[in-house]
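Architecture at a glance
Single-letter residue listing:
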Amino acid sequence: MATTQQAANPKKGQGFQGVRGAFWIIVVCAAIAFTLFYTWFGNPMHFQGGNLEGHPADVWGTIFKGGFIVPVIHSLLLTVLAMTIERVLAMKTAFGTGSLAKFVLNIKAALNANDFDKARQLCDKQKGSVANVVYASLNAYKNMESGANASLKKSQKVAKIQQAHEEATQLEMPTLTMNLPIIATIVTLGTLTGLLGTVTGMIKSFSALSSGNVDSTALSAGISEALINTAFGILTSWCAVISYNYFTNKVDKLTYALDEVGYSIAQTYEANHADEA
C-alpha cells in the first residue's frame, strides 16, 4: 500500500495553480463595481443640469438610473471576468508547455518502444497536470518491476498501475475544476438578479402611474431601471455560460488524454510481462 501511495504522488506542477481564496476575488470585484457606480456612473456631469434626479445626459447616467441592483450585477459580471482570466492561466499551466495531443502521441510511441527514459524526459519537458499523472504512472510501472512486488500476479500489478494513475488524476482534478462551481452559480444568479432589478423598476413605474398625476420622469426612471437590470443580468449570465462550458470542455479534453495514456501504460505492462506461475 505504501508503494502505491508513493507512486501515486505526481511531480509538483510549476506555474500558476489557481486562486484558492475565491471569496476575496468576489470582494474585490464588488468593491470595484460599487466604487464605479457611485463615483463614475453617478457623477453629476452625466446628468442634465448636474441633477442626479433629472434626465441622464449620456449612457453612463442611464446606467446609474438602473438603481442599486446595477452594482450587484456588475459585481457578478466582474467576478465572471476575473474567474475566466484565473481559469485561463490555470488551464495553461495544467495543459503544459506543448501540444497536448502531440504529447500523448509521443508518450504512446515511447511506451510502444519500451523507452521509459524518453517518456520521463517528455514529462519533464511538457510539465502540467497530464505530465504529472503520466510521471506517477511510470513510477508505478517501475515499482511493479522491482523485487518488492515480485509476489504479486500480473493482473494485480496492472491493477496497481491503474490505481496509481487514478489516484494521481484525483490529486490533479481539484486544480482543474477549481472555481468552476462559482461560475456555474453566477449563470443562474445573474439572471435572477437582473430579474429582481426588472421587478423593482416596474414597481416604480406602476407606482408613478397609480399616483394619478403621471410623472414622466418617475415613469421613465422606473422603465430605465427595469431594462438596464434586464440587460446586465442577461449579459452576466451569457458570459458565465460561455466561460463555464468552455472550461468544462477543456477539463473533459484533459481527462480524456489522461485516461488514454493511463490505459496505454497499463496495456504496455500487460503485453511486456508474462503471467507469473
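Details of the structure are given in the entry above.
Residues numbered from 1 in each chain as written. Predicted model: local features only at pLDDT ≥ 70, side-chain atom pairs only at ≥ 80, totals over all residues. Heavy atoms only, no water.

**Looking at the side chain of Ser264**
Its location among the elements puts Ser264 in helix H10 (residues 216-272). Owing to a relative accessible area of 13%, Ser264 belongs among the buried residues under this scheme. What Ser264 contacts, discounting residues up to four positions off in sequence, is Lys108 and Leu111. (Helix = DSSP H or I, 4+ residues; strand = E, 2+ residues; numbered from the N terminus. Buried < 20%, exposed > 50% of the residue type's maximum accessible area, 1.4 Å probe, protein only. Contact = heavy atoms within 4.5 Å.)

**Brief notes about helix H5 (residues 100-112)**
Since one α-helical turn is 3.6 residues long, residues separated by three or four positions face the same way. In a regular helix each residue adds 1.5 Å, so 13 residues correspond to 18 Å; H5 covers 18 Å between its end C-alpha atoms and thus fits that length. Positive phi shows up at Asn114, right after H5, with a value of about 55°. (Expected span 1.5 Å × (residues − 1).)

**Comments concerning helix H7 (residues 128-144)**
The first and last C-alpha atoms of H7 sit 25 Å apart over 17 residues, in line with the 24 Å expected at 1.5 Å per residue. Among the 17 residues in H7, 15 count as buried, and that is most of the element.

**Details of the packing of aromatic side chains**
Per the counting criterion, the structure on display carries nine aromatic pairs. With a centroid separation of 6.0 Å and an interplanar angle of 65°, the aromatic rings of Trp40 and Trp60 are classed as edge-to-face. Taken together, the positions of Trp40 in helix H2 (residues 22-41) and Trp60 in helix H3 (residues 59-64) put the pair 20 residues apart, joining distant regions of the chain. Taken together through their ring pairs, the aromatic side chains of Phe37, Tyr38, Phe47 and Phe64 make up a single cluster. Its end group placed over the ring of Tyr135, Arg120 keeps NZ or CZ at 5.4 Å from the ring centre. For Lys250, the ring lying beneath its charged end belongs to Phe95, and the centroid distance is 4.5 Å. (Phe/Tyr/Trp six-rings, centres within 6.5 Å; stacked < 30°, edge-to-face > 60°. Lys NZ or Arg CZ within 6 Å of the ring centre and 35° of its normal.)

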